Amino acid sequence: MENIGRRTFLPASVPALSAQTTRPIRVALIGTGHRGWIQIAVLKANPGYEIVALADPTPEFLDRAATLAPGAARYSDYRKLLAERKDLDAAIVITPNFLHAEVTIAALERGLDVLCEKPMATTVEDANRMAAAAAKSGKILYIGCQKRFFPTNLKMQELVAAGAIGKIEFVSANLFRGDWNPRSWQYTDPKTGVSTNWRYLTRTEGSALLEDGIHEVDALNWIINGRVRRVMATGGNNVYKDRETIDHAGLLIEYENGVKFTFDFCLFGQNAGPAGRRTVLIGNEGIMQPENGRIAVRKRTGGPAQYFDLKPLEPRVPEDPEAYHQLLAFAESVRTRKPPFVGPESGKLAVKIMLLAEKSVREHRVMDWNDLPA
Ligand SMILES: NC(=O)c1ccc[n+]([C@@H]2O[C@H](COP(=O)([O-])OP(=O)(O)OC[C@H]3O[C@@H](n4cnc5c(N)ncnc54)[C@H](O)[C@@H]3O)[C@@H](O)[C@H]2O)c1
C-alpha cells in the first residue's frame, strides 16, 4: 500500500520559508496513532500549518488520521514519503519512542525541520546522534515537551528567575496517573511473532519514566537551571505484573549546586484528585506552589502569602493549548531560525535523567552523571 491518497502526482518543491513569507508551513506527520490524531486537531486550528502527508504502517490508525486530514497524501512507509515529497518544510515525528531517532535523523538528513514528540530518544547514544544530525543539517530539532507551556510552569520559572524565593534549594513534585492506553499500537517481535502494547516493553518504550513524568522533569529542570550530579531511584511493578516496564518509582535528583529534586511517579494513581500533580519549590528565602489557579509565595520569615496571577496562553484554543503554543514556538523557529525553546540539549538532559533513574531502579544503586555516556 503506497501513496494511497488522492494526490498521486509527484509534488514540486516549494519556495523556502522565511520570516517574511506568509504561506503555511507544509508538514508531514510520521506516526498517526492517538497522539497523532490530537496533533492533527491542533494543527488544523493553527492557520500557520498545512498537513501535506501522513505516514503510518497500521491501516486502521492511518485511516482515522486520513479522515481527520482528508487533503493529506497517505503513505504506509515513512521512507517513501521522505523520498517522494519535495513539497515539505517540516516533519512531526509521533511514532513509538524507539523509532524517534531513526525517523528524526532521516527527516533531518532529507533537509526538513523536525518536531519530535517526547521523549527525544530511548538511549543517550540515540539522542547524541539526533543532536549531531540536527547540527550537521542546520535544521531545527524541537522536542515535544509542551508542558513547559503550562501557565503555572511559565509563572514559576519567571518568579524563580526574579528571586521570589531566593536561591532555589529543594523541589518536590509528583505525577500520579492511570495506566497506559490499552489501545496503543502493538509491537510484534520479529523472532517470536508475539504482539505486545509498545508501552509494556523496554525495547520499544525505553522506560515508563521516559514515557511520562518526563514533562515534569523537563519543566522543573528548566526552572532549576542547574547541572545534575547524581540520580537515585527505587521502583518496580507493584500492581501491573503483565509487563517489563515499571509502574511506580520515587526519584531523587541531586544537582551540582546542591539543589535536590524529588519526583514520585505512579501509574496506578488514577482518581488522585489534586494530589495527582503537585509541585513545591523551596528556596533559601521562601516557598512557592500553585494554589487555586495562582502561584502562592510564602517567605521563610513569616507573614501572609503573596499570590501571583497566571498569564493565560493567548490565543485561547479549546484543544490542548500547550501543544498549540508549542506549534507556534516551532513555527517561529522554522521561519526565523531562532533556536528552539526545547531543543536537543534539553531533550537529551531529560532523557538522561530518566534513564539514570531507570538504571538506579534496576541496579539498586546511586547513579553518577557519567554512569551513562556524555
Ligand atoms: N507530548 C505529549 O503529551 C504526548 C502524549 C501522548 C503521546 N506522546 C508521544 O507520542 C508518540 C506516539 O504515542 P501515541 O499515543 O500516538 O501511540 P499509539 O500507539 O497510539 O500510536 C503509535 C503510532 O505509531 C505508528 N508506527 C509504528 N511504527 C511506525 C513506523 N515505522 N513508521 C510510522 N509510524 C509507525 C503505529 O502504527 C501507531 O499508529 C510517543 O512517542 C509518545 O510518547 C506524547
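Attention here is on the structure that accompanies the text. Predicted model, so just to flag it, every value in this text is computed and none were measured.

**Here we look at the overall build of the chain**
Then comes step 1: From N to C terminus, the chain includes 11 helices and 17 strands.
Then comes step 2: What you see for the chain is a C-alpha radius of gyration of 21 Å, in line with the 21 Å of a compact globule of 374 residues.
Then comes step 3: Projected onto its principal axes, the C-alpha coordinates of the chain cover approximately 70 × 55 × 40 Å.
Then comes step 4: Partitioning the contacts of the chain with sequence separation of at least 6, the portion at a separation of at least 24 is 70%.

**Notes on the pairing of strand β7 (residues 168-176)**
Then comes step 1: Relative to strand β13 (residues 277-283), β7 is paired through 7 bridges, and the arrangement is antiparallel. Looking across to β13, one finds that V171 is bridged to L281.
Then comes step 2: Note: β7 against strand β12 (residues 260-266), 7 bridges, orientation parallel. Within β12, the position partnered with F176 by the bridge is C266.

**Side note on the nonpolar core**
Then comes step 1: Core analysis: the largest hydrophobic core is formed by 104 residues, its most contacted members being V27 and A91.
Then comes step 2: The leading source of residues in this core is helix α11 (residues 344-363), at 8 residues.
Then comes step 3: Those residues within four positions of V27 in sequence are excluded, and the remaining contacts are L43, Y49, I51, V52, L88, D89, A90, A91 and I92.

**Re the site of the ligand**
Then comes step 1: Among the 25 residues in the neighbourhood of the ligand, the closest are listed as G33, R35, T58, F61 and W185.
Then comes step 2: Ranked by residue count, the leading element in the shell around the ligand is helix α1 (residues 34-44), at 3 residues.

**Some points on the environment of F330**
Then comes step 1: With respect to the secondary-structure elements, F330 resides in helix α10 (residues 321-336).
Then comes step 2: Classification of F330 by C-beta neighbours within 10 Å gives buried; the count is 26.
Then comes step 3: For the pair formed by F330 and A90, sequence separation is 240 residues and the distance between their alpha carbons is 9.9 Å.
Then comes step 4: Look past the residues within four positions of F330 in its chain and what remains in contact with it is L115, Y142 and P340.

**A closer look at the environment of C145**
Then comes step 1: Among the structural elements, C145 can be located in the loop between β6 (141-144) and α6 (151-161).
Then comes step 2: Using a count of 26 C-beta atoms within 10 Å as the deciding quantity, one classes C145 as buried.
Then comes step 3: As for C145 and E216, which are separated by 71 residues in sequence, their C-alpha atoms are 8.9 Å apart.
Then comes step 4: Setting aside its immediate chain neighbours within four residues, C145 contacts K118, H215, D218, V342 and A350.

**Concerning the packing of helix α4 (residues 100-109) against helix α5 (residues 124-137)**
Then comes step 1: Remark: α4 packs on α5, axes separated minimally by 9 Å, with the N-to-C direction vectors making an angle of 10 degrees. The orientation of α4 with respect to α5, classified from their angle, is roughly parallel. In contact with A101, T104, I105, L108 and E109 of α4, α5 contributes D126, R129, M130, A133, A134 and S137.
Then comes step 2: For the contact of α4 with α5, the per-class residue count stands at 6 nonpolar, 2 polar and 3 charged.

**Remarks on the pairing of strand β4 (residues 90-93)**
Then comes step 1: Along β4, one buried face is formed by A90 and I92 and the opposite face, lined by A91 and V93, is buried too.
Then comes step 2: As paired elements, strand β1 (residues 25-30) and β4 share 4 bridges and run parallel to each other. In the sheet register, A28 faces β4, and the bridge partner there is A91.
Then comes step 3: Regarding topology, α4 serves as the crossover connection from β4 to the parallel strand β5 (residues 113-117), and that connection is right-handed.

**Describing the sheet that holds β1**
Then comes step 1: What the 6 strands build is an open sheet, ordered β3-β2-β1-β4-β5-β6; its pairing is parallel. This sheet does not close on itself; its edge strands, each paired only once, are β3 (73-75) and β6. Between one strand and the next, the sheet's axes are offset by a mean angle of 25 degrees, whatever the strand orientation.
Then comes step 2: Relative to β5, β4 runs parallel, the two being bridged by 4 bridges. By the bridge assignment, A91 is partnered in β5 with V114.
Then comes step 3: Sheet strands in contact with α10 are β1, β2 (49-55), β4, β5 and β6, and its direction is about 175 degrees off that of β6.

**Considerations on helix α2 (residues 59-68)**
Then comes step 1: Turning to α2, its buried residues number three or more, namely L62, A65 and A66. Down the axis of α2, the sector holding all buried residues measures 100 degrees, keeping them to one side. Pointing more than 90 degrees away from the buried face of α2 are the exposed residues E60 and T67.
Then comes step 2: Turning to α2, the residues buried within the fold contact β1, α1, β2 and β3.

**Topic: α5**
Then comes step 1: Taking 1.5 Å of rise per residue, 14 residues should cover 20 Å, and α5 covers 20 Å from first to last C-alpha, within 8% of that figure.
Then comes step 2: D126, A127, M130, A133 and A134 are the residues of α5 that are buried. The buried residues of α5 occupy an angular sector of 125 degrees when the element is viewed end-on, so they sit on one face. More than 90 degrees from the buried face of α5, the exposed residues found are E125, A135 and K136.
Then comes step 3: Phi turns positive one or two residues past the end of α5, at G138, with a value near 70 degrees.

**A short note on unusual backbone geometry**
Then comes step 1: P119 follows K118 through a cis peptide bond whose omega is -15 degrees.
Then comes step 2: Along the polypeptide, P119 turns up in the loop between β5 and α5.
Then comes step 3: P315 follows E314 through a cis peptide bond whose omega is 0 degrees.
Then comes step 4: Here P315 shows up in the loop between β16 (306-309) and α10.
Then comes step 5: The residue D320 is not glycine, and still its phi comes out positive at about 40 degrees.
Then comes step 6: By the element assignment, D320 lies in the loop between β16 and α10.
Then comes step 7: Non-glycine residue H364 carries a positive phi angle of around 55 degrees.
Then comes step 8: Looking at the element boundaries, H364 is found in the loop between α11 and β17 (367-368).
Then comes step 9: On the basis of neighbour count, H364 is assigned to the exposed category, with 9 C-beta atoms found within 10 Å.

Calculation rules
Residues numbered from 1 in each chain as written. Predicted model: local features only at pLDDT ≥ 70, side-chain atom pairs only at ≥ 80, totals over all residues. Helix = DSSP H or I, 4+ residues; strand = E, 2+ residues; numbered from the N terminus. Rg over C-alpha atoms; globule rule 2.2 N^0.38 Å. Contact = placed C-beta atoms within 7 Å. Pairing = 2+ DSSP bridges. Core = buried A, V, L, I, M, F, W, Y, C linked by C-beta atoms within 7 Å. Buried ≥ 20, exposed ≤ 12 C-beta atoms within 10 Å, placed from the backbone. Near = placed C-beta within 6 Å. Axes fitted to C-alpha atoms, helices over the stretch in contact; angles between N-to-C directions. Parallel < 35°, antiparallel > 145°, perpendicular 65-115°, else oblique. Nonpolar A, V, L, I, M, F, W, Y, C, P; charged D, E, K, R; others polar. Right-handed = clockwise from strand over helix to strand, strands pointing away. Arc of directions from axis to C-beta. Expected span 1.5 Å × (residues − 1).

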